[in-house]
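# Tertiary structure, described
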Amino acid sequence: MFHCRLHRRAIKRIIYNLACILIVVVGAIFVWEILFTLSSLFRYGSPGIFGPDDVTCVQPVLSLDDPVMMKLYKKIPRPVCKGKRDFVYVENGTLRFTTEKLMDHKCDLYPLHRGQGDYKIKYGQVVKNVQDKTPLLSEFFKVKCRSGAQTVYENLHLGVHHNNTLKERSKNIPLPPDGLGLSVVMLGFDSMSRMSWLRRMPKTRDYFVNKLQAIELEGYNIMGDGTPAALFPILTGKHEQELPEARRKFKGAKPVDSFPWIWKDFQKNGYITSWADAEISMAPFNYRLRGFAHEPTDFFMRPFYLAVDPTYPKYTQGCHGSIPKHENWFNFIRDIHYMYGDAPKFLFHFYATLSHNDNNPISSADEDLLNLISTLENEGYLNNTLLVLFADHGARYYSVRATLSGKHEERMPYFSLLFPRSFRETYSGLIENLKINSKRLTTPMDIHETLRDILHYSGGKIGNLTDRGISLFKEIPKQRSCGHADIAPHWCSCLQWKPLNVHGRDGRQALKKAITTINDLTSEYRSDCAELAIENVTMAVQIQTSDSILKFKETTGDRGLEPILSDKKTKLNTILFQLTFFTTPGGGHFEVTVEYSFTKFLMTVNPKAISRINKYGNAPACILAKNRELRQYCYCKQNMESNS
């Protein structure tokens, strides 16, 4: 009897000890999972995540030496422009000839002007036998020189001439008394992520940031796909869909003149304005849209590029005459400052040629851009000027966008701001806010509000989370998420990404919904456009708020580092699937975001969350005249017949 009672006690003790060990092991695993989850969140981020310093939006950690991205890196040398040296150049608003001009040359000057609308040009009255140091009559002109009856030189040139009307306007209209009194010069470059800029423009970046003390926005996030989605919020404070209809082939579409361009506000307040884009075929406001019916700003470079673009094939690649093509764009910026140095200016210039299709060629202009900035700085033109270097988005094509690194970089373009030393000293509090904001989630809408503040300063307190655009002069709240900033989940770099099994139920259904949506877009034109099928999935991830975030309630401890995961009320309402796949026929490469609602048990795809990654060339030629908006989704059946 005694032995039996002892045996039962021993068994209870053993069970008790095992239970204690089990509790310790489970507790250790639970703690380890919490720490692992939080470390992941600090690295990748997600809406609603509290990361370092309790910032809601934790940006992904991107590497300058990312092996995936470095495989695509190649330094391109500055073009060596062969052939005759240009006879002509511009100096302080006058026409100059090089010493190579022979005494018996007779040169005529043809002023170049904008014609009616955005697609025509015209030449003014010819100036015969033009002489050295003749004042320019227009920004753009052609010079044709002959020796006897033989033409020995003919080329297009640009410069900035003296315009009394502009100078008088800037003198007679005082700057707003409640403004900050700065000129604004914004130089934009196509398809350059922050990391790509650091890799390919090291000399410019080192001088701009390390020597001149420019501030880089490390959390600058795009708001949509393509250049217009980046520029409209900056220049109008609105998304394209919030502006009047301007798309080609759409009923009631009109030119973009009536848009609330912020350069109009600057011009009304005495500023000299300029919009300069160096592309004709893919200009941001002309490719899909109807462009400008009237010249939008005081200086407008499109007429020059309409005239010069057809001449490029006769020169060395990357050159215009004896200089690199990009020097024309750089020199125009410099010459505006030379001729209107004291006048307040708002210059918004955008250059796509060197980086749109491939980021590498822009490295050939690194030293030239550095020279432009150093010239403006050394000659005092930046003493009262905010100089901005920026990009619209990261690379959107090639194998870059098909990688996780590329996806993040696409959503985080380069953006940096250089304020004058005197401004930094006078408004040190605003600069401090800018430095704080450089580590937080920022958007093109914020840039618009900052520009508005330069005209009419609204104060430098903490920004309001209910405003989708917050001036960088105000401190952006730590709690700001993509939802606050009006960034769709498809573009939010703060989200946490997890692999998705495409053979599982969710993966199969999401892929089916994605391809069905694409085909539905072209269903009205099925006689022209082939029905597409998924050929190969290259990437599939799911994006959702983690369980740790759903349960997060507050932090404890003297430094607020210990999370309390006790919130049982917050439930997961939606999950997003981001899919990248090739389609057949045609080999289209698409990126699609599919949203699944747990409350409705329904998968949906917003057409704006569909992106075409690779080029489509002439594949959609049959649909262009009928509905240009569908070009990225349509593979013409006639292509299948010609290939069979």
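To start, this report covers the structure provided alongside it. A quick note: this is a predicted structure, and the numbers were derived from the prediction, not measured.

## Observations regarding the pairing of strand β6 (residues 140–147)
Direction of pairing for strand β3 (residues 106–114) relative to β6: antiparallel, over a ladder of 7 bridges. Residue Leu109 lies in a different strand from β6, and its bridge partner there is Val143.

## Quick word on the layout of surface pockets
Over the atoms, a rolled probe matching the size of one water molecule traces out where space is still vacant. For the second largest pocket, the calculated volume is near 590 Å³. Partitioned by chemical class, the residues of the lining of the second largest pocket number 12 nonpolar, 8 polar and 4 charged.

## Section: the packing of helix α9 (residues 325–339) against helix α10 (residues 366–378)
Between α9 and α10, the shortest axis-to-axis distance is 11 Å and the interhelical angle comes to 5°. In terms of orientation, α9 lies roughly parallel with respect to α10. Two secondary-structure elements touch here, α9 through His326, Glu327, Phe330, Ile333, Arg334, His337 and Tyr338 and α10 through Asp368, Leu369, Leu372, Thr375 and Leu376. When grouped by side-chain class, the residues that make up the contact of α9 with α10 number 6 nonpolar, 3 polar and 3 charged.

## Describing the packing of helix α6 (residues 227–236) against helix α14 (residues 444–455)
Remark: α6 packs on α14, axes separated minimally by 7 Å, with the N-to-C direction vectors making an angle of 25°. Relative to α14, α6 is oriented roughly parallel. Where α6 crosses over α14, the handedness of that crossing is right-handed. Together, Ala230, Pro233, Ile234, Leu235 and Thr236 of α6 and Pro444, Met445, Ile447, His448 and Leu451 of α14 make up the contact between the two elements.

## A word on the sheet that holds strand β5 (residues 134–135)
Hydrogen bonds between backbone atoms are what pair the strands of a sheet, whose relative direction is either parallel or antiparallel. Pairing is antiparallel in the open sheet, where 3 strands are placed in the order β1-β2-β5. Looking at the sheet topology across the chains shown, the edges are occupied by β1 (88–91) and β5. Here 2 bridges tie strand β2 (residues 94–97) to β5, and the two strands are oriented antiparallel to one another. Across the sheet, Thr94 pairs through a bridge with Pro135, a residue of β5.

## Comments concerning the side chain of His161
By the element assignment, His161 lies in the loop between β7 (150–158) and α3 (164–172). By relative accessible area, His161 is classed as buried at 13%. Here the side chain of His161 touches Glu139 through a polar contact of 2.5 Å, side chain to side chain.

## Regarding empty space enclosed by the protein
Under the defined criterion, the tally for this structure stands at 4 cavities of 30 Å³ or more. Within this model, the largest cavity holds a volume of roughly 70 Å³. Around the largest cavity, the lining residues are Asp118, Trp275, Ala276, Asp277, Glu279, Ala283, Pro284, Phe285, Asn286, Phe292, Phe300 and Arg302. If one sorts the elements of the lining of the largest cavity by residue count, strand β10 (residues 272–277) sits on top with 3 residues. Residue classes in the lining of the largest cavity are distributed as 7 nonpolar, 1 polar and 4 charged. Put simply, the second largest cavity is a space of about 60 Å³. In terms of lining residues, the second largest cavity is bounded by 13 residues, among which Pro585, Gly588, Arg612, Cys634 and Tyr635 are the most central. Looking at side-chain class alone, the lining of the second largest cavity contains 7 nonpolar, 5 polar and 1 charged residues.

Conventions used here
- Residues numbered from 1 in each chain as written.
- Predicted model: local features only at pLDDT ≥ 70, side-chain atom pairs only at ≥ 80, totals over all residues.
- Heavy atoms only, no water.
- Pairing = 2+ DSSP bridges.
- Helix = DSSP H or I, 4+ residues; strand = E, 2+ residues; numbered from the N terminus.
- 1 Å grid on protein atoms, 1.4 Å probe; cavity = no way out; pocket = protein on both sides within 12 Å on 5 of 7 lines; lining within 4 Å.
- Points joined across faces, edges and corners; volume = space filled by probe spheres on them.
- Nonpolar A, V, L, I, M, F, W, Y, C, P; charged D, E, K, R; others polar.
- Axes fitted to C-alpha atoms, helices over the stretch in contact; angles between N-to-C directions.
- Parallel < 35°, antiparallel > 145°, perpendicular 65-115°, else oblique.
- Contact = heavy atoms within 4.5 Å.
- Left-handed = near helix turned anticlockwise from the far one by under 90°.
- Buried < 20%, exposed > 50% of the residue type's maximum accessible area, 1.4 Å probe, protein only.
- Polar contact = N/O pair within 3.5 Å; in protein donor to acceptor, adjacent residues only side chain to side chain.

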